[in-house]
Amino acid sequence: SGEWLGGRVVALYDRTLEFDSEQLGITAIAWDDVVELRTARVLQVRPLEGTPAAGQVIVRQGRVSVMDGRNTLFAQQAVVSLTAGEAGEANYWAGELSGNLNLQSGNSDSQRLNLRAFAQRRTVQQRITLEYIGNYDRTDGEETQNNHRLSGDWDRFITDRLFWSPLSGEAYKDKFQNIAYRITLGPGIGYQLVDTADTTWRISGGPAYTHTWFEQVNAGEDDNESSLALLAKTRVEHALTGNIDLWYDYRFLLGADETGGYSHRMELGSAFDIIGDLDFRASYIWDYISDPIENAQGVAPARDDSQLLLGVGYSF
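Participant: Which residues make up the environment of Leu278, and what are the values?
Facilitator: Relative to the helices and strands, Leu278 is located in strand β20 (residues 278-289). Given a relative accessible area of 38%, Leu278 falls into the partly exposed group. With 36 residues separating them along the chain, Leu278 and Tyr314 place their C-alpha atoms 4.7 Å apart. Beyond its immediate chain neighbours, meaning those up to four positions away, Leu278 contacts Asp273, Gly313 and Tyr314.

Participant: For the side chain of Thr200, give the residues involved together with the corresponding values.
Facilitator: Among the secondary structure elements, Thr200 is positioned in strand β16 (residues 199-214). In contact with Thr200, not counting residues within four places along its chain, are Gln192, Val194, Asp195, Arg235, Val236 and Glu237.

Participant: Could you give me a rundown of the pairing of strand β12 (residues 126-139), with the residues and numbers involved?
Facilitator: The pairing of strand β11 (residues 110-122) with β12 spans 13 bridges and is classified as antiparallel. Bridged to Arg122 within β12 is Arg127. Looking at chain direction, β12 and strand β13 (residues 142-157) are connected through 14 bridges and run antiparallel. Residue Asn135 lies in a different strand from β13, and its bridge partner there is Asn147.

Participant: Please give an account of the nonpolar core that cites residues and values.
Facilitator: One finds Leu17, Trp31, Val45, Val64, Phe74, Val79 and Leu82 to be the most contacted residues of the largest nonpolar core, which totals 17 residues. In terms of residue count, strand β6 (residues 53-60) provides more of this core than any other element does, three residues in total.

Participant: Go over the pattern of salt bridges, please, and point to the residues and values.
Facilitator: For the structure shown, the criterion picks out 21 salt bridges. With a closest N to O distance of 3.1 Å, Lys175 and Glu143 form a salt bridge. Here Glu143 lies in strand β13 and Lys175 lies in the loop between β14 (162-174) and β15 (179-195), a separation of 32 residues in the sequence. Two residues, Arg235 and Glu237, come together in a salt bridge whose shortest N-O distance is 2.7 Å. The exposure class assigned to Glu237 is partly exposed, which follows from its relative accessible area of 28%.

So, how was this worked out
- Residues numbered from 1 in each chain as written.
- Predicted model: local features only at pLDDT ≥ 70, side-chain atom pairs only at ≥ 80, totals over all residues.
- Heavy atoms only, no water.
- Helix = DSSP H or I, 4+ residues; strand = E, 2+ residues; numbered from the N terminus.
- Buried < 20%, exposed > 50% of the residue type's maximum accessible area, 1.4 Å probe, protein only.
- Contact = heavy atoms within 4.5 Å.
- Pairing = 2+ DSSP bridges.
- Core = buried A, V, L, I, M, F, W, Y, C linked by side-chain atoms within 4.5 Å.
- Salt bridge = Lys/Arg side-chain N within 4 Å of Asp/Glu carboxyl O.

Listed below in structure tokens is the structure:
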């Protein structure tokens, strides 16, 4: 339209440039409608093909010029993302830490602890994600819950949407599911169905190898089993408003009956900003295993475990 805006480039994703100005706030502009752009600060520029560059950016006549000491040039249509900041290690990382502690005494004594940690390193070419969830309950001196899950994914982008995972893995233990340890490893391939500033949705899957060690088994039975498996997962994250975030995470593992058969983990959660980087979190988690292994007393654990978690989180 020929109009100029002064302010700050937030990001370019999914062919949409987000621009923050003092008077208008964050404005979404179609990348094809941007005729000219000049930045005072450094941006990281990722092309559809070739090596990314970082520097001050000038867009004119359909070309993106990056002042990185080499005056790197890209066609405007070939640029798939712009992100702010120097290419330093700290700029690649984001994460969150949350938890809750409940101590009760009187007619009954109980201690309940839930911890969660999430970290992601993302560059224009790859993404590394690590997540830990742990739950511990003890009532009147007796444990009623004790499980831990550590998962990780290493994704490398083939295009701006298509990626492959050289390695995806998970370590899990739950004594009340009769699982001393379960290790799952495998490659995969995935696709970023949606990748905007407000919403991301990705799916991935592939073959895997799983090995399970049991807490207890019947006499004469092996205390560990392994099998080939199919691992698949999907995750949706959406910024409902500037203060409310929602997410849905679902993953399943299909293995042999001897290792538990079909199992899945589903989570639906939300975070509400309190102040600064602190927020209030609420999430519902449902774990399921189709063929739990009997313990030494011949008792099979329940197939379903569900929990509602409420706590305070910190994002960085």
